[in-house]
Amino acid sequence: MTTTETSNPALAGLSRPARVADEGEGVGLDEIGLAARNHGMPLELLAHDVTPLGAHYVLTHYDIPLADATTWALEVGGLVRSPLSLSLADLQARPVVSRTVTMECAGNGRARLSPRPVSQPWLHEAVGAMTWTGTPLAGVLADAAPLDGAVDVVFTGADHGVERGVEQDYQRSLTVEQATDPEVLLAWACNGVELPPQHGHPLRLLVPGWYGMASVKWLRSVEVVDHVFDGYQMRAYSLRQAPEEEGERVTRIAPRALVQPPGFPDFLSRRRVVRAGPQLLTGRAWSGWAEVVSVEVSVDGGATWVEAELGAQPDPRAWRSWSLPWTATEGRHVVSARATDATGRTQPSEPVWNRGGFANTAPQDLQVLVLAADRGES
Ligand SMILES: Nc1nc2c(c(=O)[nH]1)N[C@H]1C(S)=C(S)[C@@H](COP(=O)(O)O)O[C@H]1N2
Ligand SMILES: [Mo]
């Protein structure tokens with residue numbers, strides 16, 4: 001059943017092919033429609049170690065399917081000795097793991113690219129860190145026992161749609177080696193409650209350290225195959241400069257630090273207002289490759305950087321808090337942060353462009369207006 005994709009010329013006209021915006025072209029109604037469905041995490045909630053339920057970002061390509069947990073079955077099959085059909089109760093009777101994991105959409109930062117790839121127009125907010133509960137996929141795969149010649153494991157969601165004329169179920173794959181990493185979970189709960197519909201009720205894959213597209217929601221099938229799976233969502237998440245390029249596949253999350261916006265916002269521009277004097281700049285940093293070892297902060301638009309103090313991390317796959325005391329001086333400031341992880345990966349000072357608008361980790365440029373400290377009090 002691996003391939004659920006069918007190319008239908010009659011569907012090709014539904015949306016314009018993947019394209020980049022023309023010079024000066026504003027965000028259109030299609031993009032606003034996506035942005036309204038697929039919400040981000042309000043950045044002030046970077047204050048929380050664990051993102052509150054309902055505030056984690058959401059990205060859903062098609063519709064959120066209606067799913068009944070009591071009749072849900074996960075089919076595990078393909079090139080295995082013992083195909084399995086597992087109910088939620090079967091899965092919940094297996095070893096249970098809970099961990100806090102930072103998840104980020106590969107398109108986070110897309111709308112800040114120029115020219116802008118026309119798609120979900122994320123700025124910085126497509127991120128969250130919830131506490132997920134499930135059972136390791138590795139144990140389930142061990143019971144199914146992949147046969148000689150097993151290459152990839154294909155994960156299929158219950159959602160269905162069309163993208164650029166290709167009708168499909170949402171499908172992603174991992175190699176057998178990646179899929180049997182003990183970190184990979186079949187998750188049925190987040191923050192202590194059953195998964196809400198938008199996060200994959202009743203069951204999803206959770207691939208810690210990888211961009212969100214790998215964590216298939218509404219997971220109904222796990223199929224072991226004897227070839228490299230090359231489905232639509234594998235090809236789509238590739239870094240390319242030109243449409244015909246093969247491109248490097250998007251996998252793990254590149255390091256990023258975000259600043260929790262200080263002071264208070266202007267309603268429309270979201271610019272910040274702070275009063276002069278001692279402030280504490282804080283935020284979070286994460287990487288899917290290795291531990292974050294450094295966060296640097298700039299209050300002058302990236303001209304100079306100061307090392308922040310790193311704080312606690314609730315889980316090796318969760319984000320790390322950071323803080324830096326700042327004596328805010330009257331005037332306009334541009335506040336940014338950048339993270340470096342133990343592999344030496346860091347954030348580029350300028351956006352690195354690709355057609356899909358993936359992994360743009362150029363630092364935030366938070367506009368902060370610092371007012372004189374005297375408010376006429378006394
Ligand atoms: N079945 C299915 N799984 C999916 C998607 C989808 O559209 N369908 N979107 C993916 C993408 S692109 C991301 S970023 C994450 C988002 O997960 P969340 O909405 O729970 O934050 O789910 C991934 N899993
Ligand atoms: Mo995503």
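Peer 1: I'd like a description of the layout of surface pockets, backed by residues and values.
Peer 2: Its boundaries defined by the atoms lining it, the largest pocket holds a volume of some 1300 Å³. Lining of the largest pocket is provided by 41 residues; of these, Ala-18, Val-118, Ser-119, Glu-163 and Arg-164 occupy positions nearest its centre. Looking at the lining of the largest pocket, the elements with two or more residues in it are helix 1 (29–37), strand 6 (152–163) and helix 5 (232–236). Residue composition of the lining of the largest pocket, by class: 20 nonpolar, ten polar and eleven charged. Roughly 790 Å³ of internal volume is contained in the second largest pocket. Around the second largest pocket sit 28 residues that line it, and Leu-43, Leu-123, Glu-125, Ser-269 and Arg-270 are the ones nearest its centre. A class-by-class count of the residues in the lining of the second largest pocket yields 13 nonpolar, eight polar and seven charged.

Peer 1: Before we move on, could you go through empty space enclosed by the protein and cite the residues and values that matter?
Peer 2: This model, assessed by the stated rule, comprises two cavities of 30 Å³ or more. In this structure, the largest cavity occupies an estimated 240 Å³ of space. Around the largest cavity, the lining is made up of 19 residues, and of these Leu-59, Arg-204, Gly-212, Ser-215 and Lys-217 lie nearest the centre. Taken together, the residues of the lining of the largest cavity break down into ten nonpolar, six polar and three charged.

Peer 1: Tell me what's going on with the packing of aromatic side chains, and back it up with residues and numbers.
Peer 2: On inspection of all chains with the given rule, the structure shows three aromatic pairs. Relative to Phe-358, the ring of Tyr-237 has its centre 5.1 Å away and its plane inclined at 35°; by these criteria the two rings are tilted. Highlighted residues: Tyr-237 in the loop between helix 5 and strand 12 (238–239) and Phe-358 in the loop between strand 22 (331–341) and strand 23 (366–371), separated in sequence by 121 residues. Residues Tyr-237 and Phe-358 agree in their burial class; the two are buried.

Peer 1: Hey, could you go over helix 3 (residues 137–144) for me, with residue numbers and the actual values?
Peer 2: Listing the buried residues of helix 3 in full gives Leu-137, Ala-138, Val-140, Leu-141 and Ala-144. The buried residues of helix 3 occupy an angular sector of 160° when projected down its axis, which confines them to one face. Ala-145 sits one or two residues past helix 3 and shows a positive phi near 60°.

Peer 1: I'd like a rundown of a nonpolar patch on the surface, residues and numbers included.
Peer 2: A surface patch of nonpolar side chains, about 310 Å² in accessible area, is lined by Val-27, Leu-29 and Ile-32. Structurally, Ile-32 is set in helix 1. Of the residues examined, Ile-32 reaches a relative accessible area of 45% and is grouped as partly exposed.

Peer 1: Before we move on, can you summarise the state of the cysteines with the specific residues and values?
Peer 2: By the definition in use, this model includes zero disulfides. Lacking any disulfide linkage, Cys-190 is separated from the closest cysteine sulfur, that of Cys-105, by 17 Å.

Peer 1: Please set out the pattern of salt bridges residue by residue, giving values where relevant.
Peer 2: In the structure shown here, the tally under the stated rule is 15 salt bridges. The shortest N-O distance in the salt bridge between Glu-5 and Arg-235 comes to 3.6 Å. Here Glu-5, found in the segment before strand 1 (6–7), pairs with Arg-235, found in helix 5; they are 230 residues apart in sequence, far enough to count as distant. Linking Asp-315 and Arg-99 is a salt bridge whose minimum nitrogen-to-oxygen distance equals 2.7 Å. Of this pair, Asp-315 sits in the loop between strand 20 (309–310) and strand 21 (320–328) while Arg-99 sits in strand 4 (residues 97–104); the two residues are 216 residues apart in sequence, bridging distant segments of the chain. The same class applies to Asp-315 as to Arg-99, namely buried. A single salt-bridge network, built from bridges that share partners, covers Arg-99, Glu-183, Asp-315 and Arg-317.

Peer 1: Outline the site of ligand 1, supporting the account with residue identities and numerical values.
Peer 2: Surveying the vicinity of ligand 1 reveals 21 residues, the closest of which are Tyr-57, Asp-159, His-199, Arg-204 and Lys-217. His-56 is positioned such that a nitrogen or oxygen atom in its side chain is 3.3 Å from an oxygen atom of ligand 1. A distance of 2.6 Å separates an oxygen atom of ligand 1 from a polar atom in the side chain of Lys-217. More than half of the atoms of ligand 1 fall within 2 Å of the grid points belonging to the largest cavity. In terms of residue class, the shell around ligand 1 is built from ten nonpolar, eight polar and three charged.

Peer 1: Kindly report on the domain arrangement of the protein chain, identifying the contributing residues and their values.
Peer 2: Assigned domains within the protein chain: domain 1 (16–249) and domain 2 (256–371). Taking only C-alpha atoms into account, the centre of domain 1 sits 27 Å from that of domain 2. Listed as interface residues are 42 residues of domain 1 and, on the opposing side, 29 residues of domain 2. Here domain 1 packs against domain 2, burying approximately 3100 Å² in sum over the two surfaces, 54% of which is carbon and sulfur. Three residues, Leu-46, Arg-112 and Leu-113, lead the burial of domain 1 against domain 2; their summed loss comes to 19% of the area buried on that side. Scanning the region where domain 1 abuts domain 2 turns up five salt bridges. Its salt-bridge partner being Glu-104, residue Arg-256 comes within 2.6 Å of it at the nearest N-O pair. Between domain 1 and domain 2 we count 21 residue pairs in polar contact (both at pLDDT 80 or more) in total. Listing elements by their share of the side of domain 1 that touches domain 2, those giving two or more residues are strand 4, strand 5 (127–136) and strand 12. If one sorts the elements of the side of domain 1 that touches domain 2 by residue count, strand 4 sits on top with five residues.

What counts, and where the lines are drawn
- Residues numbered from 1 in each chain as written.
- Chains lettered and ligands numbered in written order.
- Predicted model: local features only at pLDDT ≥ 70, side-chain atom pairs only at ≥ 80, totals over all residues.
- Heavy atoms only, no water.
- 1 Å grid on protein atoms, 1.4 Å probe; cavity = no way out; pocket = protein on both sides within 12 Å on 5 of 7 lines; lining within 4 Å.
- Points joined across faces, edges and corners; volume = space filled by probe spheres on them.
- Helix = DSSP H or I, 4+ residues; strand = E, 2+ residues; numbered from the N terminus.
- Nonpolar A, V, L, I, M, F, W, Y, C, P; charged D, E, K, R; others polar.
- Phe/Tyr/Trp six-rings, centres within 6.5 Å; stacked < 30°, edge-to-face > 60°.
- Buried < 20%, exposed > 50% of the residue type's maximum accessible area, 1.4 Å probe, protein only.
- Arc of directions from axis to C-beta.
- Patch = residues over 30% accessible without salt bridge, like charges linked within 9 Å, V, L, I, M, F, W, Y side chains within 5 Å.
- Areas by Shrake-Rupley, 256 points an atom, 1.4 Å probe, with all protein chains shown as cover.
- Salt bridge = Lys/Arg side-chain N within 4 Å of Asp/Glu carboxyl O.
- Disulfide = S-S within 2.5 Å.
- Near = heavy atom within 4 Å.
- Polar contact = N/O pair within 3.5 Å; in protein donor to acceptor, adjacent residues only side chain to side chain.
- Sits in = over half its atoms within 2 Å of the grid points.
- Domains from an automatic or database assignment.
- Contact = heavy atoms within 4.5 Å.
- Buried area = accessible area lost by both parts, 1.4 Å probe.

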